[in-house]
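Analysis of the macromolecular model
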Amino acid sequence: MGWDRATPFIIDLQVNVEDIDGLGHANNAVYVTWLERCAWRHSQRLGLDLVEYRRLDRAMAVVRHEIDYLAAAYEGDELQLATWIVDWDQRLKMTRHFQLVRPSDNTTLLRAQTTFVCIELSTGRPKRMPAEFIEGYGVALNPCGSELARDSGGTSNILAN
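Cut-offs and rules
Residues numbered from 1 in each chain as written. Predicted model: local features only at pLDDT ≥ 70, side-chain atom pairs only at ≥ 80, totals over all residues. Heavy atoms only, no water. Helix = DSSP H or I, 4+ residues; strand = E, 2+ residues; numbered from the N terminus. Buried < 20%, exposed > 50% of the residue type's maximum accessible area, 1.4 Å probe, protein only. Contact = heavy atoms within 4.5 Å. Areas by Shrake-Rupley, 256 points an atom, 1.4 Å probe, with all protein chains shown as cover. Pairing = 2+ DSSP bridges. Axes fitted to C-alpha atoms, helices over the stretch in contact; angles between N-to-C directions.

Details of the overall build of the protein
On a plain count of helices and strands, the protein comes out with 3 helices and 7 strands. The order of α-helices and β-strands along the protein, N terminus first, is β-α-α-β-β-β-β-α-β-β. Taken over 161 residues, the protein has a buried fraction of 40%. Of the contacts made within the protein by residues no fewer than 6 positions apart, 69% connect residues no fewer than 24 positions apart. Roughly 8,700 Å² of accessible area belongs to the protein as shown, and the carbon and sulfur atoms make up 49% of that amount.

Put into structure tokens, the structure is as follows:
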């Protein structure tokens, strides 16, 4: 698979009839749902599930999505969505990158970046990450120096540090 980065966390998806909009392809809002699902499953895999969030009175909340829709997905398509934690300040902010691929033709359908901020669940206010977040999310950090860059022609170039 032509992943943009090494060691992705991947979930499998299938485009269902209810995902299709009036234009005959997966609706843009569905993609956002898939991004959330992928990020959440990755967090759970890292030991940071809803039970742990509640115990710590902390959560990572989305403050920004940046999405590039590159190609359409259609009913019945089998897809794979990958995510990587690419940046964080170990205090409040964390950034994930995503890549959605249709393996049948190795087409990248979407690239996205989501910025999260750590909040205190009881108040909804930004609050410093607890040690459990530093440890849990830290093991999955895949810094930007290891990514592949895509030029306007779609070819890949390794970025130097």
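Let's talk about the sheet that holds strand β3 (residues 78-88)
Sheet strands line up and pair through hydrogen bonds in the backbone, either parallel or antiparallel. Reading across the sheet, the 5 strands line up as β1-β3-β4-β5-β2 and stay open at both edges, with antiparallel pairing between neighbours. In this open sheet, the two edge strands, each paired with only one partner strand, are β1 (9-14) and β2 (58-69). Adjacent strand axes in the sheet meet at a mean angle of 25° when their direction is disregarded. One ladder, built from 6 bridges, connects β1 with β3; its direction is antiparallel. Along β3, the bridge assignment pairs Phe9 with Thr83. Against the sheet, helix α1 (residues 28-45) makes contact with β1, β2, β3, β4 (93-102) and β5 (107-120), and its axis sits at roughly 140° relative to β1, the strand it touches most. Of the strands in this sheet, β2, β3, β4 and β5 touch helix α3 (residues 131-138), which is tilted by about 125° from β3.

Considerations on the environment of Arg37
Tracing the chain through its elements places Arg37 in helix α1. Judged by relative accessible area, Arg37 falls into the partly exposed class, the value being 33%. When the C-alpha atoms of Arg37 and Leu81 are compared, they prove to be 9.7 Å apart, with 44 residues separating the residues in sequence.

Some details on the pairing of β4
Along β4, 9 of the 10 residues are buried, which leaves the element largely enclosed by surrounding structure. In terms of strand pairing, β3 meets β4 through 8 bridges, oriented antiparallel. Across the sheet, Trp84 pairs through a bridge with His97, a residue of β4. Sheet topology places β4 next to β5; 10 bridges connect them, and they run antiparallel. Counterpart to Lys93 in the pairing with β5 is Val117. Connecting the antiparallel pair β4 and β5 is a turn made up of 4 residues, with Asn106 showing a positive phi of about 55°.

Here we look at the pairing of β3
Among the 11 residues of β3, 9 are classified as buried, and the element is accordingly described as predominantly covered. Between β3 and the antiparallel strand that follows it, β4, lie 4 residues; Gln90 among them carries a positive phi value of about 60°.

Some thoughts on unusual backbone geometry
For Gln90, which is not glycine, the phi torsion reads 60° and is therefore positive. Summarising the element assignment, Gln90 is placed in the loop between β3 and β4. A positive phi angle, near 55°, is found at Asn106, a position not held by glycine. Structurally, the position occupied by Asn106 is in the loop between β4 and β5. Residue class for Asn106 comes out partly exposed when judged on its relative accessible area of 45%.

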